[in-house]
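Inside the fold
Next come the chains, spelled out residue by residue.
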Amino acid sequence: MKGLWLENQQLQLRSQLPIPEPPPGEALIRVLRAGICNTDLELLRGYYPYSGILGHEFVGVVERGPESLQNQRVVGEINAYCGNCRFCRKGQPTHCENRTVLGIVNRNGAFAEYLTLPVKNLYAVPDTITTDMATFTEPIAAALEIQEQVSITPGDRILVVGDGKLGQLVAQTLALTGCDLLAVGRHRDKLENLESLGIKTGFADAVTDRQFDIAVECTGNPEGFTIARRALRPRGTLVLKSTYAGHLTLDISSLVVDEITLIGSRCGPFPKALELVAQNKINVKPLIQAKYPLDEAIAAFEHAQQRGVLKVLLEISP
């Protein structure tokens, strides 16, 4: 099969990869569509020493698996967990000590014609959701994880820093809570996507220092972190949604003095994400910047790395 292979921070399109054999409890999935994520770009920059097939945002069709899912379109949670370690026993499988992670840790990913995942990770895609829309299930779930970690009320003042792929989804999901929301970024056209949905937007100079209850950092760069940090009132909460390939310098003393709560946030609830997409409560269409066939995956990555580009999709199979 064909697949996009990462090794030593270099991409190579390989055409003689073996079709994976699903172990017991897993399904073989023919990939239809896959999205290039900032985490994929950070892996290419060396954020984590991964070698293998990249990609974790996908929609596919089950070719081998339980009868209830065969020939069905599915999306899948990316963490394959053991079920026996202390985190699994506590109901925290995304932190499983023995986990593999699709296209990120010890498990080949979705930028290939086939992948395997545990059946328990899979969710059928309703017929009302298009394949392109369903590709956004994983990042929408990641955006929703904030609401799993932090209690949000309509009276909360919340700042989202970053108008990129994830920032757009974080802002849309938070807006559904009725909170007092401001999203800031660098690109007028991207901010207009959010303004069309009734979300307040602005550039960095729209942020008033020490006035927000919660700030969500979605840029993955030090400047975004600085904006989010200075926006918080004492005892505010700073949520980090981005992975960083480099190091981040922190003023730890200010975090202590202001008693800031710092929360890392990543994977989230797939059923809720699918429900929001099915109900058309999240608008992903403006986020799709381009589509490429798998044969042009390296060109797709070059496009995705350009400043200001939103979601680039790979069309793997019909």
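Reading guide: rules and limits
Residues numbered from 1 in each chain as written. Predicted model: local features only at pLDDT ≥ 70, side-chain atom pairs only at ≥ 80, totals over all residues. Heavy atoms only, no water. Buried < 20%, exposed > 50% of the residue type's maximum accessible area, 1.4 Å probe, protein only. Helix = DSSP H or I, 4+ residues; strand = E, 2+ residues; numbered from the N terminus. Arc of directions from axis to C-beta. Contact = heavy atoms within 4.5 Å. Phe/Tyr/Trp six-rings, centres within 6.5 Å; stacked < 30°, edge-to-face > 60°. Lys NZ or Arg CZ within 6 Å of the ring centre and 35° of its normal. Domains from an automatic or database assignment. Buried area = accessible area lost by both parts, 1.4 Å probe. Pairing = 2+ DSSP bridges. Axes fitted to C-alpha atoms, helices over the stretch in contact; angles between N-to-C directions. 1 Å grid on protein atoms, 1.4 Å probe; cavity = no way out; pocket = protein on both sides within 12 Å on 5 of 7 lines; lining within 4 Å. Points joined across faces, edges and corners; volume = space filled by probe spheres on them. Nonpolar A, V, L, I, M, F, W, Y, C, P; charged D, E, K, R; others polar.

With that settled, the discussion passes to helix H9 (residues 270-278). Along H9, the residues classified as buried are Phe270, Ala273, Leu274, Leu276 and Val277. Burial along H9 is one-sided: seen end-on, the buried residues are contained in an arc of 160 degrees. Looking at the buried residues of H9, the elements they touch are strand S6 (73-76), strand S10 (122-124), helix H3 (131-134), helix H4 (137-149) and helix H5 (165-175). Immediately downstream of H9, the backbone of Asn280 shows phi near 55 degrees, a positive value.

Right, let's talk about the packing of aromatic side chains for a bit. In this structure the tally under the stated criterion is 2 aromatic pairs. Between Phe111 and Phe301, the aromatic rings sit 5.8 Å apart at their centres with planes inclined by 85 degrees, giving edge-to-face as the arrangement. Residue Phe111 is located in the loop between strand S8 (100-101) and strand S9 (114-118), and its partner Phe301 is located in helix H10 (residues 297-304); the two are separated by 190 residues in the primary sequence. Classification of Phe111 by relative accessible area gives buried; the value is 0%. With a centroid separation of 5.7 Å and 25 degrees between ring planes, the pair formed by Tyr123 and Phe270 is classed as stacked. With Tyr123 in strand S10 and Phe270 in helix H9, the pair connects residues that are 147 residues apart, well separated along the chain. Directly above the ring of Tyr81 sits Lys120, whose terminal nitrogen or CZ lies 4.2 Å from the centroid. Across the ring face of Phe212, the terminal group of Arg157 is positioned such that the distance to the ring centre comes to 4.7 Å.

This part is about the domain arrangement of the protein. According to the domain assignment, the protein contains domain 1 (3-125 + 284-315) and domain 2 (143-264). If you average the C-alpha positions of domain 1 and of domain 2, the two centres end up 27 Å apart. In this assembly, 15 residues from domain 1 lie in contact with 12 residues from domain 2. Together domain 1 and domain 2 conceal approximately 1100 Å² of surface at their shared face, both sides included; 57% is due to carbon and sulfur atoms.

The next point concerns the sheet that holds strand S15 (residues 232-240). The strand order across the open sheet formed by 6 strands is S13-S12-S11-S14-S15-S16, and the pairing between neighbours is parallel. Of all the strands in the sheet, the pair left with one neighbour each is strand S13 (200-202) and strand S16 (261-264). Direction aside, neighbouring strands of the sheet carry axes that sit 20 degrees apart on average. Sitting on the sheet, helix H7 (residues 222-231) is in contact with strand S11 (157-161), strand S14 (212-217) and S15, with an inclination near 145 degrees to S15.

Considering all chains together, one arrives at 1 cavity of 30 Å³ or more under this definition. In this structure, the largest cavity encloses a volume near 40 Å³. Gln168, Gln172, Asn193, Leu194, Leu197, Asn283, Pro286 and Leu287 together form the lining of the largest cavity. Elements with a contribution of two residues or more to the lining of the largest cavity: H5 and helix H6 (188-195). Grouping the constituent residues of the lining of the largest cavity by class yields 4 nonpolar, 4 polar and no charged.

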